[in-house]
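# Structural features, examined
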Amino acid sequence: VELYGGFNGTETELNQRDWEANETTLSGDINQSNTLDGNSYTVVTGSGTDSTAVIDGFIITAGNADFFSGSLPNPQRSGGGMYIDAGSPTVTNCTFIGNSSTEGGGMINLENSSPTVTNSTFSGNTATIGGGMFNWVNSSTLVVNSTFSGNTAGFWGGGMFNFEGSSSTVMNSTFSGNTAGFWGGGMVNNEGSSTVTNCTFSGNTASEGGGMYNWFNSSPMITNCAFVGNTANEGG
């Protein structure tokens, strides 16, 4: 299935749409309270898909995934904006804004997921871990020409958290103004070999690793990147 936003209703061809001018919103605010209370756990799910599943030209907002809500912890209650388990969809021209979760405020990619995210923005999302994006065990997310700005993690990875062997490839992207309570305002890498190329990390804040925090056998390859004006008590 391919999902496209950005139409005003007069088009006869897909290439006539303008996704920037004609904002198309997918919202988790199902009770229309304008708060996160009572919202959908997740707005979009891409589990079990391959790259022919496309979501293109949407604002994705107001998801509120609480891992610990209910009687038992539930991993399906994570990824406020988008939840992917063993899936590899194509996400293009999307804005993830104002989503919340225990893990992965904007997006979570669980085991064996390898989505492609291009020309997208993650802004103003919050989580305990991975404010903008959380990449879990053995996931291999590709992120190109995207922006992570103003996301917040209570603990680790304000912009992005790559965890336990996840090896993300991030190219031509910007991490700015993200905040983490402990590690990695912009990005955290843990036990993985992420590749980060032609990216800028600026104005990110954490207790340790303002721009990036590399932890426990991580071996990222960082090429042609700029780290500017990041702040931390250790490892600005």
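Before reading on, note that the structure itself is shown above.
The rules behind these values
Residues numbered from 1 in each chain as written. Predicted model: local features only at pLDDT ≥ 70, side-chain atom pairs only at ≥ 80, totals over all residues. Heavy atoms only, no water. Helix = DSSP H or I, 4+ residues; strand = E, 2+ residues; numbered from the N terminus. Rg over C-alpha atoms; globule rule 2.2 N^0.38 Å. Buried < 20%, exposed > 50% of the residue type's maximum accessible area, 1.4 Å probe, protein only. Contact = heavy atoms within 4.5 Å. Areas by Shrake-Rupley, 256 points an atom, 1.4 Å probe, with all protein chains shown as cover. Pairing = 2+ DSSP bridges. Axes fitted to C-alpha atoms, helices over the stretch in contact; angles between N-to-C directions. Disulfide = S-S within 2.5 Å.

### Concerning the overall build of the chain
Each helix and strand counted, the chain has 0 helices and 28 strands in total. For 236 residues, the compact-globule formula gives about 18 Å, and the C-alpha radius of gyration of the chain, at 17 Å, lands near that figure. A buried classification covers 50% of the 236 residues belonging to the chain. Excluding contacts between residues fewer than 6 apart, the proportion of contacts in the chain whose partners are at least 24 apart in sequence is 77%. Accessible area for the chain stands at about 9,900 Å²; split by element, carbon and sulfur atoms hold 49% of it.

### Observations concerning unusual backbone geometry
Not every positive phi belongs to a glycine, and Asn-93 is a case in point at roughly 55°. Tracing the sequence through the fold places Asn-93 in the loop between β8 (90-92) and β9 (95-97). The exposure class of Asn-93 is buried, given its relative accessible area of 11%. A positive phi angle, close to 65°, is found at Asn-138, a residue other than glycine. Here Asn-138 is to be found in the loop between β15 (133-135) and β16 (142-144).

### Description of the environment of Val-117
Relative to the helices and strands, Val-117 is located in strand β12 (residues 116-118). For Val-117, a relative accessible area of 0% gives the class buried. It is 8.5 Å that separates the C-alpha atoms of Val-117 and Asn-145, two residues lying 28 residues apart in sequence. In this view, Val-117 contacts Val-91, Met-107, Phe-122, Met-133, Thr-141, Leu-142, Val-143, Val-144 and Ser-146; residues no more than four positions away in its chain are not counted.

### A few points about the sheet that holds β8
Pairing within the open sheet is parallel, and its 8 strands lie in the order β1-β4-β8-β12-β16-β20-β24-β27. The open sheet has two free edges, formed respectively by β1 (2-4) and β27 (221-223), since each of these has just one partner strand. Going across the sheet, the axis of each strand differs from the next one's by a mean of 5°, ignoring polarity. Pairing of strand β4 (residues 54-56) with β8, which is carried by 3 bridges, proceeds in the parallel orientation. Each residue of the ladder has a partner; that of Ile-55, found in β8, is Val-91.

### Things to note about the state of the cysteines
Under the criterion given, the structure shown has 0 disulfides. The thiol sulfur of Cys-94 is not disulfide-bonded, and the nearest other cysteine sulfur, from Cys-199, lies at 19 Å. With no disulfide partner, Cys-199 has as its closest neighbouring cysteine sulfur the one in Cys-225, 4.8 Å distant.

### Re the environment of Gly-130
Take Gly-130: it is sitting in the loop between β14 (126-129) and β15. According to the relative accessible area criterion, Gly-130 is buried, its value standing at 0%. With 26 residues separating them in the primary sequence, Gly-130 and Trp-156 have C-alpha atoms 6.3 Å apart. In this structure, Gly-130 is in contact with Gly-104, Gly-105, Ala-153, Trp-156, Gly-157, Gly-158 and Phe-161, ignoring residues within four places of it in sequence.

### Focus on the environment of Thr-231
Structurally, the position occupied by Thr-231 is in the segment after β28 (226-228). Residue classification places Thr-231 among the partly exposed residues on the basis of a relative accessible area of 45%. Spatially, the C-alpha atoms of Thr-231 and Thr-141 are 27 Å apart, while their sequence positions differ by 90 residues. Discounting residues that sit within four places of it in the chain, Thr-231 has contacts with Asn-204, Thr-205, Ala-206, Gly-210 and Gly-236.

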